[in-house]
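# Working through the structure, step by step
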Amino acid sequence: MERNKVSVLLVSVDALKPEFVFEQERLGISLPNISKYFVENGTFAGGGVQSVFPTFTYPCHQSIITGTNPATHGIYNNGIFDPMGEHMGAWHWFASKKAENLWEAAGKHGYLSASVAFPTSVAAGGDFMAPEFWWDGTELDSRFIDAMSVPQGMILEMEKEIGRYAGGLDLTEAGDRQRYRAAMWVLDHKLAPKAGKCPFFMTAYFASFDEMAHQYGVYSKEAAHAIEAIDKMLGDLIEKVHSMTDGQAVVCVVSDHGTLDNRYNIRPNVKLREAGLITTDGNGRVTDWRAWSQRAGGMSEIRLKNGQDEDARRKLDQIMKELSSDPVFGILEVLDRAQAIERGGFPLADYVLVSRKGYEIRDDAEGDYCTETLHQKAQHGYCERFEEMRASFMIEGCGIERKCDIGSMNLIDIAPTLASVMGFDMPQAEGRNRLK
């Protein structure tokens, strides 16, 4: 391996809150690998990590990998803004072309870059890239992902040994088990043969803790089981990386956001439809729109179809005043475009709604504005300043200080911190190295 360069594994554990790391006994969980490697022998953000605006998975992951806010990297939400459903539920699967990412930066500085299932990694630069993408959950997913993988053909080669690659629709523990197997396969077959000659930067991802919280609640036994299973797989990955690099490696475990339990669903588009700004066919299908609210969990982005439509703007302004006038509507903040940009997100929005704790925003344009019938038991996307939305940061390995609490940090600090570990800077990053 090139002298003075350590290999780096970055693992994202979706929705891992700091309390699950530091208050295991209170929560009745056991994470021996996280405790051993990071709390007892590594550096960590004991005060948690402030996420970005919105605290939603895809904007967060692109911020993790670029060190920039969503308004800069351009991935403002999970799904593409699409009131009419013309894009058939497409998400922002693709890496941003507006900001340099760690895979590309590492490659420019002598590293092999690899990734397994990391959100927002389609078409990202790298040497061994298995992106997250889905179409319909069938074998078509494998064929699409194989066509997008780098090198092309790697997914089908991998699947001969591990079975179906978990593209993104399977967020269960079984799906995480396949993501783990895929990560181990890339380490064994693509990086280990070169480990003595060239350092690597690799990302991996686990989704089931977040999904079990969505389905059963943040503190459910199902969520607890999921994070304990992830801890076991993390231990295996850490051991593998240190073994194959003869200890010349650093492992960083992060999350994208926290999560909190819901109490209500609210539907701003119901108000827009009642004001004549959305037209539906009676079956809930949108046939036309003049203004549309697209959800991001505990936030929503509202855009006017035509910025010159003064009638629509007046009606929308009135609805915004109504929603902010009474806590019963569940809205904490109504932001205009300039205020949203100042927070780091939604630069194309005319308004952004930030809901109160427990009020998840949905896209439905028909039915009641507020209901206690929940779509998901827990959610994120809430205000990035909420304690419940704080994410995690932990790092250990070669050259990393032991039992070091660096306090609080920001999600956009992760990329420049890891770049520093690898010996280079990311000039475009809006965060800063926290290991100085």
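Naming follows an unreviewed UniProt entry, where the protein appears as Alkaline phosphatase family protein of Enterocloster bolteae.

So, about the overall build of the protein. Scanning the protein from N- to C-terminus turns up 15 helices and 21 strands. The C-alpha atoms of the protein give a radius of gyration of 22 Å, which matches the 22 Å a tight globule of 436 residues would have. Along the first, second and third principal axes, the C-alpha set of the protein runs to 65 × 45 × 40 Å. Buried positions account for 61% of the 436 residues belonging to the protein. Sequence-distant contacts in the protein: of pairs separated by 6 or more residues, those separated by 24 or more amount to 72%. Accessible surface for the protein amounts to roughly 16900 Å². Of this, 46% is attributable to carbon and sulfur atoms.

Packed helix pairs are characterised by how far apart their axes lie and by the angle those axes make with each other. Where helix H8 (residues 154–162) meets helix H9 (residues 173–191), the closest approach of the two axes is 10 Å, and the angle between their N-to-C directions is 110°. Classed by the angle they form, the pair H8 and H9 counts as roughly perpendicular. Each of Met 154, Glu 157, Met 158, Glu 161 and Ile 162 in H8 lies in contact with H9, whose residues at this interface are Gln 178, Arg 181, Ala 182, Trp 185, Val 186, His 189 and Lys 190. When the residues that make up the contact of H8 with H9 are grouped by side-chain class, the tally is 6 nonpolar, 2 polar and 4 charged.

With domains assigned, the protein is organised as domain 1 (7–260 + 387–422) and domain 2 (263–375). Taken over C-alpha atoms, the centre of domain 1 sits 31 Å from the centre of domain 2. Opposite the 17 residues of domain 1 that make contact, domain 2 presents 24 residues. Carbon and sulfur atoms make up 69% of the area that domain 1 and domain 2 hide from each other, which totals about 1800 Å². At the junction of domain 1 with domain 2, the criterion picks out 1 salt bridge. Between Lys 357 and Glu 388 there is a salt bridge whose closest N-O contact spans 3.2 Å.

A few words now on the sheet that holds strand S9 (residues 264–266). The 3 strands lie next to each other as S16-S9-S17, forming an open sheet whose pairing is mixed. Of all the strands in the sheet, the pair left with one neighbour each is strand S16 (359–361) and strand S17 (370–371). When S9 meets S17, the two strands line up antiparallel, connected through 2 bridges. Bridge assignment links Asn 265 to a residue of S17, and that residue is Thr 371.

Cis geometry marks the peptide bond from Phe 53 to Pro 54, where omega comes out at 5°. Looking at the secondary structure, you find Pro 54 in the loop between strand S3 (49–50) and helix H4 (57–66). At the junction of Val 150 and Pro 151, the peptide bond is cis and its omega measures out at -5° in the coordinates. Examined against the element boundaries, Pro 151 turns out to sit in the loop between helix H7 (139–148) and H8. Of note, the phi angle at Thr 120 is positive, near 60°, even though the residue is not glycine. Mapped onto the secondary structure, Thr 120 falls in the loop between strand S4 (112–116) and strand S5 (128–130).

Moving on to H4. In terms of burial, H4 is a largely internal element, 10 of the 10 residues being buried. Thr 57, Tyr 58, Pro 59, Cys 60, His 61, Gln 62, Ser 63, Ile 64, Ile 65 and Thr 66 are the residues of H4 that are buried.

Let us now look at the environment of Gly 67. Structurally, Gly 67 can be placed in the loop between H4 and helix H5 (70–73). Between the C-alpha atom of Gly 67 and that of Leu 234, which follows or precedes it by 167 residues, the distance is 24 Å.

Running from amino to carboxyl end, H9 crosses helix H11 (residues 221–244) at an angle of 5°, the nearest separation of the two axes being 10 Å. On the basis of their axis angle, the class for H9 and H11 is roughly parallel. Every residue of H11 that contacts H9 at Glu 173, Asp 176, Arg 177, Tyr 180, Ala 183, Met 184, Leu 187, Asp 188 and Leu 191 is listed here: His 225, Ala 229, Ile 230, Met 233, Asp 236, Leu 237, Lys 240, Val 241 and Met 244. Across the contact of H9 with H11, the residue classes break down as 11 nonpolar, 1 polar and 6 charged.

So, about the side chain of Ser 121. Within the secondary structure, Ser 121 sits in the loop between S4 and S5. Sequence-distant contacts of Ser 121, defined by excluding residues within four places in its chain, comprise Trp 93, Ala 95, Trp 103, Ser 115, Pro 131 and Glu 132.

Two pairing modes exist for strands in a sheet, parallel and antiparallel, and in both the strands are linked by backbone hydrogen bonds. Spatial strand order, S5-S4-S6-S1-S7-S19-S2-S20: 8 strands in an open sheet with mixed pairing. Looking at strand neighbours, the two that pair on one side only are S5 and strand S20 (404–405), the edges of this open sheet. Examined bridge by bridge, strand S2 (residues 43–44) and strand S19 (residues 393–397) share 2 bridges and lie antiparallel to one another. Looking at the pairing, Thr 43 lines up with Ile 395 of S19. Set on the sheet, helix H3 (residues 32–39) makes contact with S2, strand S7 (249–254) and S19; between it and S19 the angle comes to about 70°.

A complete count under the given rule lists 0 disulfides for this structure. Just so you know, Cys 198 is unpaired, no disulfide at all, and the nearest cysteine sulfur is the one on Cys 398, 16 Å from it. This cysteine, Cys 398, is not joined by any disulfide, and Cys 252 carries the nearest cysteine sulfur, 15 Å off.

So, about the pattern of salt bridges. Counted under the stated rule, the structure contains 27 salt bridges. Three or more residues are tied together by salt bridges with common partners; here these are Arg 290, Asp 309, Asp 311, Arg 314 and Lys 315.

Cut-offs and rules
Residues numbered from 1 in each chain as written. Predicted model: local features only at pLDDT ≥ 70, side-chain atom pairs only at ≥ 80, totals over all residues. Heavy atoms only, no water. Helix = DSSP H or I, 4+ residues; strand = E, 2+ residues; numbered from the N terminus. Rg over C-alpha atoms; globule rule 2.2 N^0.38 Å. Buried < 20%, exposed > 50% of the residue type's maximum accessible area, 1.4 Å probe, protein only. Contact = heavy atoms within 4.5 Å. Areas by Shrake-Rupley, 256 points an atom, 1.4 Å probe, with all protein chains shown as cover. Axes fitted to C-alpha atoms, helices over the stretch in contact; angles between N-to-C directions. Parallel < 35°, antiparallel > 145°, perpendicular 65-115°, else oblique. Nonpolar A, V, L, I, M, F, W, Y, C, P; charged D, E, K, R; others polar. Domains from an automatic or database assignment. Buried area = accessible area lost by both parts, 1.4 Å probe. Salt bridge = Lys/Arg side-chain N within 4 Å of Asp/Glu carboxyl O. Pairing = 2+ DSSP bridges. Disulfide = S-S within 2.5 Å.

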